[in-house]
Amino acid sequence: MADTVKIQNINLHLSQPHNLKNEWIGQTEILTQLMACWLVVNDQDLPLSPRIVGPPGIGKTAMAMAAADLREQELYIYQCTADTRPEDLLITPVLAENGKIAYHASPLVSAMIKGGVCILDEGNRMNEKSWASLAPLLDHRRYVESIVAGISIEAHPDFRCAVTMNQDESTFEIPDYILSRLQPTLALKFPSREDEKAILKYHLPFVEDDMLSMTVEFLQQAHELKLDFSTRDGINLLRYAMKRIQQSGDHPIARDKAWAEALEKCLGEEALDLQELARRKTQTLGGQTLPMGFGDFFFDPNDPLHPDMDEGEDGDDGGEPF
């Protein structure tokens with residue numbers, strides 16, 4: 001049964017914490033930096049709410065989960081989306097069985113009340129209006145106001161927060177006044193060869209070593225070519241390959257054949273040729289960036305004063321200027 005608390009005569013039903021354990025492997029310096037952000041070194045000091053950035057699928061959320069586990073605090077995760085509204089982040093009114101309105105606290109507000117850790121996952125998929133509701137929580141005030149419930153809620157002294165952000169094109173630009181509250185920035189990179197194999201082995205202890213090595217070799221080549229295939233892709237690839245092998249007990253598929261099928265089904269046919277995929281990606285990126293001349297730094301391309309504008313492009317039928 002959900003916990004309830006009464007704040008300013010409003011009964012709030014709290015979210016349940018996650019009971020997930022996760023061991024962090026590799027890039028220990030970033031984990032140490034995150035733990036430092038959450039320290040309080042003086043009675044007048046406050047914890048920081050860092051943003052953890054990096055490509056999708058390399059373990060940003062997993063690292064924050066591991067940090068919460070090290071601090072032995074309850075963990076709450078809020079998945080941010082483009083449709084997240086301010087009331088979703090704070091308190092949501094729900095019609096109860098008795099016909100009355102019941103107020104449900106989000107994972108974020110539940111962590112604030114109980115003194116837990118909240119991870120705002122993929123925070124840059126959320127729009128500015130939702131971020132604005134968190135501004136007083138992320139600075140020295142450490143409270144939120146729920147317009148729906150008509151109450152304000154102060155954060156427990158032990159409340160800690162971190163925001164994960166992906167570096168891809170399907171995200172919003174976060175306003176500067178929010179970014180200034182989400183500091184420092186902790187950048188996670190693709191894991192090293194040794195760390196990547198250890199991560200795969202941790203999540204898939206039943207997979208034989210040659211399959212792990214084959215996958216790590218593929219991922220490391222992708223990382224070197226700056227392609228977006230991640231450790232999570234490797235885990236899914238191996239899971240599918242092992243299911244295909246296990247499926248045909250009497251006539252098992254050869255491992256390399258199952259692996260190749262998994263690669264194509266999970267990551268697409270284009271993943272079979274990383275060099276060609278990298279070449280096409282480079283061409284695409286190059287096509288989006290036109291060569292810039294010196295005048296482009298000072299003049300709009302359509303400005304008739306642009307030094308590179310050809311005569312006749314200004315709509316005056318090629319006549320001489322004044």
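Residues numbered from 1 in each chain as written. Predicted model: local features only at pLDDT ≥ 70, side-chain atom pairs only at ≥ 80, totals over all residues. Heavy atoms only, no water.

### Side note on the side chain of H223
Phase 1 of the analysis: Take H223: it is sitting in helix α8 (residues 209-224).
Phase 2 of the analysis: With residues up to four places along the chain from it excluded, the contact list for H223 reads F190, P191, E196 and F229. (Helix = DSSP H or I, 4+ residues; strand = E, 2+ residues; numbered from the N terminus. Contact = heavy atoms within 4.5 Å.)

### Brief notes about the nonpolar core
Phase 1 of the analysis: Counting residues in hydrophobic clusters, the biggest one holds 38 residues, and the most contacted among them are L12, L120, W131, L134, I153 and F159.
Phase 2 of the analysis: Looking at this core, the elements that each hand over two or more residues are β2 (10-13), β4 (75-79), β6 (101-105), α4 (107-114), β7 (117-121), β9 (151-154) and β10 (160-166).
Phase 3 of the analysis: Those residues in contact with I153 that lie beyond four places of it in its chain are I7, L12, I91, V109, M112, I113, R142, Y143 and V144.
Phase 4 of the analysis: By size, the runner-up hydrophobic cluster in this structure holds 27 residues, among which are M211, L212, M242 and A278. (Core = buried A, V, L, I, M, F, W, Y, C linked by side-chain atoms within 4.5 Å. Buried < 20%, exposed > 50% of the residue type's maximum accessible area, 1.4 Å probe, protein only.)

### A few points about the environment of F159
Phase 1 of the analysis: Checked against the element boundaries, F159 lands in the loop between β9 and β10.
Phase 2 of the analysis: Given a relative accessible area of 3%, F159 falls into the buried group.
Phase 3 of the analysis: Sequence separation of F159 and G116 is 43 residues, and the distance between their C-alpha atoms is 5.1 Å.
Phase 4 of the analysis: Sequence-distant contacts of F159, defined by excluding residues within four places in its chain, comprise P47, L108, A111, M112, G115, G116, C118, L137 and R142.

### Topic: the confidence of the model for the protein
Phase 1 of the analysis: Looking at the protein as a whole, its pLDDT mean stands at 87, while 87% of the residues score no less than 70.
Phase 2 of the analysis: Under a pLDDT of 50 for its full length, residues 310-322 has, in the predicted model, three contacts with residues more than four places off or in other chains. (pLDDT = per-residue confidence, 0-100.)

### Digging into the environment of Y177
Phase 1 of the analysis: The residue Y177 is located in helix α6 (residues 176-179) in this model.
Phase 2 of the analysis: Not counting residues up to four positions away in its chain, the partners in contact with Y177 are E128, A132 and A135.

### With respect to the packing of α8 against helix α10 (residues 255-267)
Phase 1 of the analysis: Orientation of α8 relative to α10, taken along the N-to-C sense of each, is 40 degrees, at an axis distance of 11 Å. One way to sum up the angle between α8 and α10 is to call them oblique. Between α8 and α10 lies a crossing of right-handed hand. Every residue of α10 that contacts α8 at D210, M211, M214, T215 and F218 is listed here: R255, W259, L263 and L267.
Phase 2 of the analysis: For the contact of α8 with α10, a count of residues per class yields six nonpolar, one polar and two charged. (Axes fitted to C-alpha atoms, helices over the stretch in contact; angles between N-to-C directions. Parallel < 35°, antiparallel > 145°, perpendicular 65-115°, else oblique. Left-handed = near helix turned anticlockwise from the far one by under 90°. Nonpolar A, V, L, I, M, F, W, Y, C, P; charged D, E, K, R; others polar.)

### Regarding the packing of α8 against helix α9 (residues 231-247)
Phase 1 of the analysis: Direction vectors running N to C along α8 and α9 enclose 145 degrees, while the axes themselves pass 10 Å from each other. Between α8 and α9 lies a crossing whose hand is right-handed. Along its contact with α8, which presents M211, L212, T215 and L219, the element α9 presents T231, G234, L237, L238, A241, M242 and I245.
Phase 2 of the analysis: The residue inventory of the contact of α8 with α9, partitioned by class, reads eight nonpolar, three polar and no charged.

### A look at the side chain of R142
Phase 1 of the analysis: Following the sequence through the fold, R142 ends up in the loop between α5 (128-132) and β8 (143-146).
Phase 2 of the analysis: Here R142 occupies a buried position and makes no salt bridge, while the nearest side chain of opposite charge, D158, is found at 7.6 Å.
Phase 3 of the analysis: At 3.1 Å, the side chain of R142 and the backbone oxygen of H156 are in polar contact.
Phase 4 of the analysis: There is a polar contact of 3.3 Å between the side chain of R142 and the backbone oxygen of F159.
Phase 5 of the analysis: Residue contacts for R142: discarding those within four places in its chain leaves L46, P47, P136, L137, I153, E154, A155, H156, P157, F159 and R160. (Lys, Arg positive; Asp, Glu negative; His and termini not counted. Salt bridge = Lys/Arg side-chain N within 4 Å of Asp/Glu carboxyl O. Polar contact = N/O pair within 3.5 Å; in protein donor to acceptor, adjacent residues only side chain to side chain.)

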